[in-house]
Amino acid sequence: MKSFEFIAPRTLDQVVELLPGPRDLKARDRVKLLAGGQDLLGELKEYLVAPEQVLNLKTVPGLSTFAERDSNYEVGALVTLAELEQSATLRRTHAMVAEAAGAVGSVQIRNQGTVGGNLCQRPRCWYYRHEQAVCIKKGGSECFAYGGLNKYNAILGGGPSYIVHPSDLAPALVAAGASATIRSKKGERTVELERFFTLPSEGAVTRENVLAPDEVLVRVDIPAMAGWTSTYMKFRERSSYDFALAAVALALRMEGGRIAEARLVLGGVAPIPWRCEKAEKALVGRKVDAKICALAGKLALEGAEPLAHNAYKLPLAQGLITKALRKLAGT
Ligand SMILES: Cc1cc2nc3c(=O)[nH]c(=O)nc-3n(C[C@H](O)[C@H](O)[C@H](O)COP(=O)(O)OP(=O)(O)OC[C@H]3O[C@@H](n4cnc5c(N)ncnc54)[C@H](O)[C@@H]3O)c2cc1C
């Protein structure tokens with residue numbers, strides 16, 4: 001690890017004062033933000049980033065607020081995954097968010113890991129994580145996973161990079177219609193979480209979200225979902241702790257045994273949480289039976305382009321969709 005200056009800012013104003021300019025892309029990795037540190041420390045130790053300064057967000061007051069009002073939640077960037085997982089009210093009103101938090105890593109990771117860190121963590125693709133592999137994510141010209149070992153990579157939305165977004169929380173928060181509040185020297189802006197994440201073909205291929213170099217994520221707001229039920233289902237290789245090979249965040253509003261509204265977002269299959277609007281529309285007005293489960297699975301994975309070693313993700317994600325639909329419909 002290269003040595004760096006460790007700074008403990010006392011206010012958010014101090015944090016944004018120390019960040020580079022909004023268009024200073026070259027300086028973006030000169031200053032890094034530290035939350036729980038579980039992803040950042042790995043990156044530092046592997047020489048994936050070599051910042052001059054590390055700003056400890058944990059000394060900044062006001063980022064750990066976890067407040068509920070009429071089933072609307074304000075979740076500060078430093079709220080831990082364990083707090084979400086263990087919240088009885090969140091479990092009742094937004095089960096998929098609490099379940100997704102509870103599906104992250106191990107108990108230790110959830111005790112230390114934060115909401116902001118989970119949403120802003122970097123990809124887990126082993127080419128990206130290898131110090132000597134200068135892949136397209138690190139400014140190189142090629143995605144080595146595309147023609148290489150791509151068992152864990154994207155089947156949807158890939159190109160020119162084929163990473164999958166590693167966050168469990170992200171699909172559930174997108175399905176919940178959550179928004180992110182972002183702070184810079186210019187003030188605050190709010191972005192729907194669905195628009196927070198960017199495809200490699202849309203934004204800068206070296207980033208996974210809309211945060212500019214001068215910005216910090218300060219909070220996530222989750223709106224009430226009266227009348228909805230929801231669940232998060234994840235399949236991983238190791239049951240003790242592991243990233244998702246595929247995951248499903250599903251929310252349904254039922255009326256008279258039929259689906260009145262649906263939200264379906266996939267994790268582990270694309271560089272962003274993958275919203276399946278066609279499948280959501282097809283579910284409306286239907287009872288949950290084998291036919292609609294198969295149709296929802298087919299529409300959700302429409303356009304999938306598996307690489308040489310990851311076609312298994314198609315039936316895996318489709319199986320999880322069926323399981324989640326049946327669980328929520330009680331069939
Ligand atoms: C063994 C292991 C298993 C894991 N398993 C899972 C898993 O199953 N599912 C999963 O989702 N994740 C997993 N993770 C990834 C990750 O460590 C956790 O998700 C954790 O939530 C990260 O949070 P943190 O606060 O420790 O992040 P940090 O390491 O502090 O930060 C992560 C990144 O986000 C940036 N950042 C942090 N806060 C902010 C902010 N407020 N604004 C802007 N940028 C910010 C940091 O600069 C850094 O680049 C795992 C990690 C490990 C080491």
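Residues numbered from 1 in each chain as written. Predicted model: local features only at pLDDT ≥ 70, side-chain atom pairs only at ≥ 80, totals over all residues. Heavy atoms only, no water.

Asker: Lay out the layout of surface pockets with the relevant residues and their values.
Answerer: Each pocket or cavity is described by its volume, and for the largest pocket that value is around 950 Å³. Surrounding the largest pocket, 47 residues form its lining, D39, L40, G117, C120 and Q121 being those nearest its centre. Mapped by element, the contributors of at least two residues to the lining of the largest pocket are β2 (31-34), α2 (40-45), α7 (115-120) and β8 (216-222). Considered class by class, the residues forming the lining of the largest pocket number 21 nonpolar, 12 polar and 14 charged. (1 Å grid on protein atoms, 1.4 Å probe; cavity = no way out; pocket = protein on both sides within 12 Å on 5 of 7 lines; lining within 4 Å. Points joined across faces, edges and corners; volume = space filled by probe spheres on them. Helix = DSSP H or I, 4+ residues; strand = E, 2+ residues; numbered from the N terminus. Nonpolar A, V, L, I, M, F, W, Y, C, P; charged D, E, K, R; others polar.)

Asker: Account for the sheet that holds strand β3 (residues 53-56), naming residues and giving values.
Answerer: Taken together, three strands build an open sheet; the order of strands is β1-β3-β2 and the sheet is parallel. Edge strands, defined here as strands with exactly one partner in the open sheet, are β1 (5-7) and β2. The sheet shows a mean angle of 25° between the axes of neighbouring strands, taken without regard to direction. Here three bridges tie β1 to β3, and the two strands are oriented parallel to one another. Bridging across to β3, I7 finds its partner in L55. (Pairing = 2+ DSSP bridges. Axes fitted to C-alpha atoms, helices over the stretch in contact; angles between N-to-C directions.)

Asker: Could you give an account of the sheet that holds strand β6 (residues 179-184), with specific residues and numbers?
Answerer: Strand pairing in a sheet takes place through backbone hydrogen bonds and is either antiparallel or parallel in direction. Sheet architecture is open: five strands sit in the order β4-β5-β8-β6-β7, paired in antiparallel fashion. Only two strands of the sheet have a single neighbouring strand rather than two, namely β4 (66-69) and β7 (187-192). Pairwise comparison of adjacent strand axes, ignoring direction, gives a mean angle of 20° for this sheet. Pairing analysis gives six bridges linking β6 to β7, with the strands arranged antiparallel. When the bridges of β7 are listed, S179 appears paired with E192.

Asker: Please provide a residue-by-residue account of empty space enclosed by the protein, values included.
Answerer: Picture a little ball the size of a water molecule; that probe, rolled over the atoms, points out where space is still empty. Under the counting rule described, the total for this entry stands at one cavity of 30 Å³ or more. Of the pockets and cavities examined, the largest cavity occupies roughly 40 Å³. What lines the largest cavity is C125, Y127, C135, I136, K137, C143, F144, A145, S161 and I163. Looking at side-chain class alone, the lining of the largest cavity contains eight nonpolar, one polar and one charged residues.

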